[in-house]
Structures are given as C-alpha cells and as structure tokens.
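Examination of the molecular architecture
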Amino acid sequence: MYNKGVWIEMMIEIDFNSDEALYIQLRNQIIIGIATSEICEGDALPSVRQLAEDIGINMHTVNKAYTVLKQEGFVKVDRRRGAVIAIDIDKLHAMSEMMRELKVILAKGRLKDISREEVHEMIDEIYNEYGGQ
C-alpha cells in the first residue's frame, strides 16, 4: 500500500466468509501491525477511499474501523495527513479491557480442555511475535 509518500508494508487480509465483522477484522489487523512494528507511531494510514479500494471493501467499513481505532487511542486524525498512528491509551483501562476479553477466551479454552500450560505456551509465542521478552 502506498500513502502520501509512505509505504505501509502491512498486508491486510479480510476473510469475507468470517462471522467477524469486516471493520473488526481490519481494526484487529492494524492493531497487530502496530504491535509487530509493521506500522509505527507517526505512520499515516491510507485514506479511507484508498484502503477500501485496495482491499475491496466499502469506504464506510474502513471509516468505522478508523473511528474505533481513534476511540481506542491507537489513531489520531490529522487534517493534513489523515489517520495517523498515535498510541495514547491508558494502561489501566487497557488491562481492564484485556481482562474482560481474556476471561471469555480462557473460559472457551477450558471448556475445550486446553491446559494452563498450553495457554501459557500460546501467550508466550504470541507475545514474542510482538517483540515481548
């Protein structure tokens, strides 16, 4: 993807057969792109129109994803540059949100007989992908 002189190396993959909303898929992939440093603080995201065209989805879907990212503190809107990565999220709020989401994920895993050790291995693997130590 090309945006105002900045190449964004991230590949956005949308699963049109998924039950997950397209704007959530897009939001999640941008967050993962930030976590893996494919997209960095200060990088401008493609315009709503350009990204919609690039991945073959409606502009309103991209706009909704950008709006959610802004509300969550991952993006700021600059009049000249458009949506820009600007991480401004309160850590306690983020931890609380993560706890709520993890409770459901772990409950599902427990019901499928996934062990504590297997969960820890998955978490370590994912965290390492994001540059964790």
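Described in the following lines is the structure provided in the data block.

Scoring rules and cut-offs
- The residue numbers shown here count from 1 along each chain, following its written sequence.
- Reporting in this predicted model follows two pLDDT cut-offs: at least 70 for local features of residues, and 80 or more for side-chain atom pairs to be given and counted; totals over whole chains, interfaces and linings ignore these cut-offs and use all residues.
- The side-chain quantities take in all heavy atoms of the structure and omit both hydrogens and water.
- The term nonpolar core refers to a set of buried residues drawn from Ala, Val, Leu, Ile, Met, Phe, Trp, Tyr and Cys, joined through side-chain atoms within 4.5 Å.
- Relative accessibility thresholds used throughout: buried, under 20% of the residue-type maximum; exposed, over 50%; partly exposed, between the two (1.4 Å probe, protein chains only).
- Secondary structure elements follow DSSP: runs of H or I of four or more residues count as helices, runs of E of two or more count as strands, with numbering from the N terminus.
- Paired rings are identified among Phe, Tyr and Trp, the last through its six-membered ring, by centres lying within 6.5 Å, and are further divided according to the angle between planes into stacked (under 30 degrees), edge-to-face (over 60) and tilted (the rest).
- Any Lys NZ or Arg CZ that is within 6 Å of a ring centre and within 35 degrees of that ring's normal is treated as a charge sitting over the ring.
- Patch members must show over 30% relative accessible area and no salt bridge, and they are joined within 9 Å when carrying like charges or within 5 Å when they are nonpolar side chains of Val, Leu, Ile, Met, Phe, Trp or Tyr.
- The Shrake-Rupley method, run with a 1.4 Å probe sphere, supplies the accessible areas, and residue values consider only the shown protein chains as cover.
- The working definition used for a salt bridge is a side-chain nitrogen of Lys or Arg within 4 Å of a carboxyl oxygen of Asp or Glu.

The next point concerns the nonpolar core. Counting residues in hydrophobic clusters, the biggest one holds 19 residues, and the most contacted among them are Leu 26, Ile 30, Leu 45 and Tyr 66. Mapped by element, the contributors of at least two residues to this core are α1 (22–35), α2 (48–55), α3 (59–71) and β4 (82–85).

All right, on to the packing of aromatic side chains then. The relation between two aromatic rings is expressed through the spacing of the ring centres and the mutual angle of the planes. For the structure shown, the criterion picks out zero aromatic pairs. The aromatic ring of Tyr 23 is capped on one face by Lys 64, whose charged end is 4.3 Å from the ring centroid.

A few words on a nonpolar patch on the surface. Taken together, the side chains of Ile 32, Ile 114, Met 122, Ile 126 and Tyr 130 present a nonpolar region at the surface, about 390 Å² in accessible area. With respect to the element layout, Ile 114 can be found in the loop between α4 (91–111) and α5 (116–129). Accessibility expressed as a relative area gives 33% for Ile 114, which makes it partly exposed.

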